[in-house]
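Coordinate analysis (summary)
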Amino acid sequence: QQEFSNIVWSFATLLRTSEMLFRRTAPRVVETARDLDSQHLANIAWAYAKISHRDDGLFYVLSREAMESDRKCSPLNLANLAWAFASAGWHGEMSTRRVGLRDPKFFQWIAESAVAMSPQFTSQNCSNLVWSFATLRIGHQDLFEAMSVQVQGWLISNFDPQHLSNVLWSYAKLAIKNLDLFE
């Protein structure tokens, strides 16, 4: 069943936007999603978002399958799922088109899962995750507090200007005051 994940991921990675391929693959992914692990669910969501192909029904199924309690979801997969939902249909800050897919239940699950495994987050995972929440204007105090601790840790050992910029933008966008982070 992972074949669909591999196909759409490959096309999106190569920036080959075959609308027909993505439209025809979506129903098959919906049919087989229950058999996919969290990595393949995240890869599919990422691929559809990467090429700006929005399919709300597909994303709904991917989110519900990802939340199944018997699936293990890594920090990378959580960050990629959040990024995909925030980026689905993204056409820039000033766009009049619908931006992102707000799914409160799904983002609550992502936040709770991320807080529980926050020490495992890399700087990129953290950056993508908080950017996603900020882009959708979803503030989650526990999540942003946990990620702040991680950011302060990697500032010392693994400074990356792009990730730091994304994180600081996210906190500012949501007006989250975290003095330890900004000092």
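Residues numbered from 1 in each chain as written. Predicted model: local features only at pLDDT ≥ 70, side-chain atom pairs only at ≥ 80, totals over all residues. Heavy atoms only, no water.

A short note on the confidence of the model for the protein
To keep it simple, the criterion reads: pLDDT gives the predictor's per-residue confidence on a scale running from 0 to 100. Residue contacts follow a heavy-atom distance rule, with two residues in contact if any of their heavy atoms lie within 4.5 Å.
Mean pLDDT over the protein: 84, with 87% of residues reaching 70 or higher. Contacts for the low-pLDDT stretch residues 91-99, under 50 throughout, to residues beyond four places or in other chains number 12 contacts.

Some details on a negative patch on the surface
Convention followed: Like-charged residues within 9 Å of one another, or nonpolar side chains (Val, Leu, Ile, Met, Phe, Trp, Tyr) within 5 Å, are grouped into patches, provided each residue has over 30% relative accessible area and no salt bridge. Working definition of accessibility: Shrake-Rupley area with a 1.4 Å probe, residue cover restricted to the visible protein chains. Basic side-chain nitrogens of Lys or Arg form a salt bridge, by our definition, when they fall within 4 Å of a carboxyl oxygen of Asp or Glu. In this tally Asp and Glu are treated as negative and Lys and Arg as positive; neither His nor the chain ends contributes. Note on charges: their place is set at NZ of Lys, CZ of Arg, CG of Asp or CD of Glu. Where helices and strands are cited, they refer to DSSP runs of H or I of at least four residues and of E of at least two residues respectively, numbered from the N terminus.
Residues Glu112, Asp142, Glu145 and Asp180 make up a contiguous surface patch of negative charge. For Asp180, the position within the fold is in helix α10 (residues 179-182).

With respect to the pattern of salt bridges
Stated formally: Only protein chains enter the accessibility calculation, which uses a 1.4 Å probe. A residue is then buried if its area is under 20% of the maximum for its type, exposed if over 50%, and partly exposed in between.
Tallied over the full model, the rule gives three salt bridges. A salt bridge links Glu65 to Arg71; the nearest nitrogen and oxygen atoms lie 3.1 Å apart. The exposure class of Glu65 is buried, given its relative accessible area of 17%.

As for the packing of helix α2 (residues 19-32) against helix α3 (residues 38-50)
Helices that pack against each other are described as a pair by the angle of their axes relative to one another and the distance between those axes. What counts is decided by this rule: Fitted lines through C-alpha atoms serve as axes, helices being fitted only where they are in contact, and the angles separating the N-to-C directions of these axes extend from 0 to 180 degrees. If an angle is under 35 degrees, it is roughly parallel; if it is over 145, roughly antiparallel; if it lies from 65 to 115, roughly perpendicular; otherwise it is oblique. Handedness of a crossing is defined here by the sense of rotation of the near helix relative to the far one, left-handed for an anticlockwise turn of less than a right angle and right-handed for a clockwise turn. Under the scheme applied, nonpolar residues are Ala, Val, Leu, Ile, Met, Phe, Trp, Tyr, Cys and Pro; charged residues are Asp, Glu, Lys and Arg; polar residues are all the others, including Gly.
Relative to each other, α2 and α3 sit at 155°, their axes nearing to 12 Å. Of the possible angle classes, the one that applies to α2 and α3 is roughly antiparallel. For the crossing formed where α2 meets α3, the hand is left-handed. Contacts from Phe22, Thr25, Ala26 and Val29 in α2 reach Ile44, Ala47 and Tyr48 in α3. Residues that form the contact of α2 with α3 fall into these classes: six nonpolar, one polar and no charged.

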